[in-house]
Amino acid sequence: MKIFNTLTRRKEEFVPLEEGKVRMYVCGPTVYNLIHIGNARPMIVFDTFRRYLEYKGYEVNYVSNFTDVDDKIINKALEEGVDASEISSRYIAECKKDMEGMNVLPATVHPLATQEIGGMIEMISALMEKGYAYAAADGTVYFRTGKFASYGKLSHKNLEDLQAGHRDIKVAGELKEDPFDFVLWKPKKEGEPAWESPWGQGRPGWHIECSVMSKKYLGETIDIHAGGEDLIFPHHENEIAQSEAASGKEFAHYWMHNGFLNINHQKMSKSLGNFFTVRDIAEKYDLQVLRFFMLSAHYRSPLNFGEDLMEAAKSGLERIRTAAEQLHRLLQASAQEEMTEHEEAVYAQSAQFQQKFEAAMEDDCNTADAVSAVFELVKFINMNVSAEHSRDYLNRLYDRLDCLCGILGIQIMPEQEMLDAEIEELIAERQKARKDKDFARADQIREELAQKGILLKDTREGVTWKRA
Ligand code: AMP
Ligand code: ZN
């Protein structure tokens, strides 16, 4: 399998550190608001890549953080007059709902920056000891970029050129040795969350959190580090500098970066009014359509979001689902069990689409071509199924389609609706729980039903319910 590695700017054969295992870290969102459709792109593409790795039999340790301490979170908390932790926990919960809607699997671990402060202090201390970091007079701790010889290797920038272009940059009040030195620890400001440290009360800079969480959950050297291309510089460059200066080892073997999602060929921005949250899209579309839309392009290409492309994704997805439903109907009605010889031969032919799919995914996760292979399989299925076929044959074709769509994270059959009887049973159990004053269980049942789209209403006459 080949991966385009930003570090070497080449497609390289993927060789994991440990056979059969993949250690992968994906930078997650800063949680101060609902996630936007740009944030959804790395979630969807790297989730798909993970699913493919798992399909190939790898055990994937997939770590993706939530940045839960940051200026934007603090500002939002001040605006609302609540604690920063209230803002971050609210938007982590909302983000998880969106991830579920887009069928993005939960990571093996979703670490939170605020829970890893001890590790950050340790790494910063190690950097200080080795001369890679220094504390300025105001208590800010900086990374000394000039001492890290390969600074710039990921973004292919040269520190001297950077410095030459920025000789005049001197931000008032900053006490850095060099304009490209970056913050590891910042001193406390009134009203901000702060932690004790050897450099006084304060909070970590953004970059250090990923270095520390990656090390803690995956080890000093990992296989793949990923995120959006805007993170290449400075975020990922700085992560490399911190981690490699501290450990003396290579930080990540492969660096994968997704291209940007634009709207009408412009950068998404609130001020231009071309900004959509995932929740906005969910009002109009099944989020599986958003997922399918994202996967119809190569992850490294820029992708333009627009109504026409979403409509195209919607009808593409419908085409696949119609074939799946037809297959399902036929196989439920099929009389004969075993495959005939002729069916075996036709089924064997359908393997070519799975091979095409795999070849596309092996080539730097080319989901655009993988989607084309799925469409070819759909066409093949439509031409080769009828009521005369055996259950085994229909089943196998269904499984092949389901397997490929599953790697893309696309569900081909709508979730089975809950039966009325099941709902009534749970409602009765909830009534009993309430009678027994087990309110936790009663709430749990209400929540469980709500997640399945069943809304309860307590009236004087008893409980009524409806589907949302
Ligand atoms: P942030 O919360 O800004 O740190 O972003 C979280 C993730 O979303 C990072 O991997 C970003 O690179 C990615 N991202 C943000 N905006 C976009 C966009 N418009 N298109 C693609 N990826 C994006
Ligand atoms: Zn990061």
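Cut-offs applied
- Residues numbered from 1 in each chain as written.
- Chains lettered and ligands numbered in written order.
- Predicted model: local features only at pLDDT ≥ 70, side-chain atom pairs only at ≥ 80, totals over all residues.
- Heavy atoms only, no water.
- Pairing = 2+ DSSP bridges.
- Helix = DSSP H or I, 4+ residues; strand = E, 2+ residues; numbered from the N terminus.
- Axes fitted to C-alpha atoms, helices over the stretch in contact; angles between N-to-C directions.
- Contact = heavy atoms within 4.5 Å.
- Donors = N, O, S within 2.8 Å, 3.2 Å for Na, K, Ca; no water.
- Tetrahedral: all angles 85-135°; square planar, octahedral: opposite > 155°, others 65-115°.
- Near = heavy atom within 4 Å.
- Polar contact = N/O pair within 3.5 Å; in protein donor to acceptor, adjacent residues only side chain to side chain.
- Areas by Shrake-Rupley, 256 points an atom, 1.4 Å probe, with all protein chains shown as cover.
- Nonpolar A, V, L, I, M, F, W, Y, C, P; charged D, E, K, R; others polar.
- Salt bridge = Lys/Arg side-chain N within 4 Å of Asp/Glu carboxyl O.
- Right-handed = clockwise from strand over helix to strand, strands pointing away.
- Phe/Tyr/Trp six-rings, centres within 6.5 Å; stacked < 30°, edge-to-face > 60°.
- Buried < 20%, exposed > 50% of the residue type's maximum accessible area, 1.4 Å probe, protein only.
- Lys NZ or Arg CZ within 6 Å of the ring centre and 35° of its normal.

(A) Inspection of the sheet that holds strand E5 (residues 133-135) at higher detail. Spatially, E5-E6-E7-E8 is the arrangement adopted by the four strands of the open sheet, whose pairing is antiparallel. Edge positions in the open sheet fall to E5 and strand E8 (202-204), since each of these has one partner strand only. Neighbour to neighbour, the strand axes of the sheet diverge by 20° on average, direction disregarded. Alignment of strand E6 (residues 141-143) against strand E7 (residues 182-187), held across three bridges, turns out to be antiparallel. In the strand pairing of E7, Phe143 is matched with Phe182. Along the sheet, helix H4 (residues 117-129) makes contact with E5, E6, E7 and E8, crossing E7 at roughly 120°.

(B) Spotlight on the coordination of the zinc ion (ligand 2). The zinc ion (ligand 2) binds to the protein through Cys27 (SG), Cys210 (SG), His235 (NE2) and Glu239 (OE), with metal-donor distances spanning 2.0 to 2.8 Å. Each of the four donor atoms bound to the zinc ion (ligand 2) contributes to angles spanning 69 to 126°, and the resulting shape is irregular. When the donor residues of the zinc ion (ligand 2) are listed from N- to C-terminus, their spacing reads C-x182-C-x24-H-x3-E. Of this pair, Cys27 sits in the loop between strand E3 (21-26) and helix H1 (37-55) while Glu239 sits in helix H7 (residues 232-247); the two residues are 212 residues apart in sequence, bridging distant segments of the chain.

(C) How the structure looks around the site of ligand 1. Neighbouring ligand 1 are 17 residues; Thr30, Gly38, Gly228, Asp230 and Leu261 lie closest to it. At 3.0 Å, a backbone N or O of Thr30 approaches an oxygen atom of ligand 1. A distance of 3.1 Å separates a nitrogen atom of ligand 1 from a polar atom in the backbone of Gly38. Protein coverage of the free-state accessible area of ligand 1, which is 490 Å², stands at 88%. Among the elements of the structure, H1 and strand E9 (222-228) are those that each provide at least two residues to the shell around ligand 1. Element by element, the count of residues in the shell around ligand 1 is highest for H1, at three residues. Residue composition of the shell around ligand 1, grouped by class: seven nonpolar, nine polar and one charged.

(D) Examining the pattern of salt bridges more closely. One pass over the full model with this rule turns up 28 salt bridges. A salt bridge links Glu177 to Arg144, with the shortest nitrogen-to-oxygen separation between them at 2.8 Å. One end of the pair, Glu177, is in the loop between helix H5 (159-165) and E7; the other, Arg144, is in the loop between E6 and H5, and 33 residues separate them in sequence. Of the charged contacts, one joins Asp458 and Arg434 as a salt bridge, the two residues approaching to 3.4 Å between their closest N and O atoms. Of the two residues, Asp458 sits in strand E14 (residues 454-459) while Arg434 sits in helix H15 (residues 420-435), which places them 24 residues apart along the sequence.

(E) Up close: the pairing of strand E4 (residues 59-64). Pairing geometry for E3 and E4, over six bridges, is parallel. Of the residues in E4, the one forming a bridge with Lys21 is Glu59. Each parallel crossover has a hand, and for E3 linked through H1 to E4 it is right-handed.

(F) Molecular detail of the packing of aromatic side chains. A complete count under the given rule lists 14 aromatic pairs for this structure. Aromatic side chains Phe251 and Trp255 sit 5.8 Å apart centroid to centroid with 55° between the ring planes, which places their arrangement in the tilted category. Overall, Phe251 belongs to the buried group, its relative accessible area being 1%. Pairing Phe293 with Phe305 gives two aromatic rings, centres 5.5 Å apart and planes at 90°, and the pair type is edge-to-face. With a gap of twelve residues between them, Phe293 in helix H9 (residues 287-295) and Phe305 in strand E13 (residues 303-305) connect regions that are remote in the sequence. Take Phe293 and Phe305: they sit in the same class, and that class is buried. Taken together, Tyr132, Phe143, Phe148 and Phe182 form an aromatic cluster joined through their ring pairs. One cation-aromatic arrangement involves Lys157 over Phe233; the distance from NZ or CZ to the ring centre is 4.9 Å. The aromatic ring of Tyr347 is capped on one face by Arg396, whose charged end is 5.7 Å from the ring centroid.

No statement about biological role is implied by the geometric values presented.
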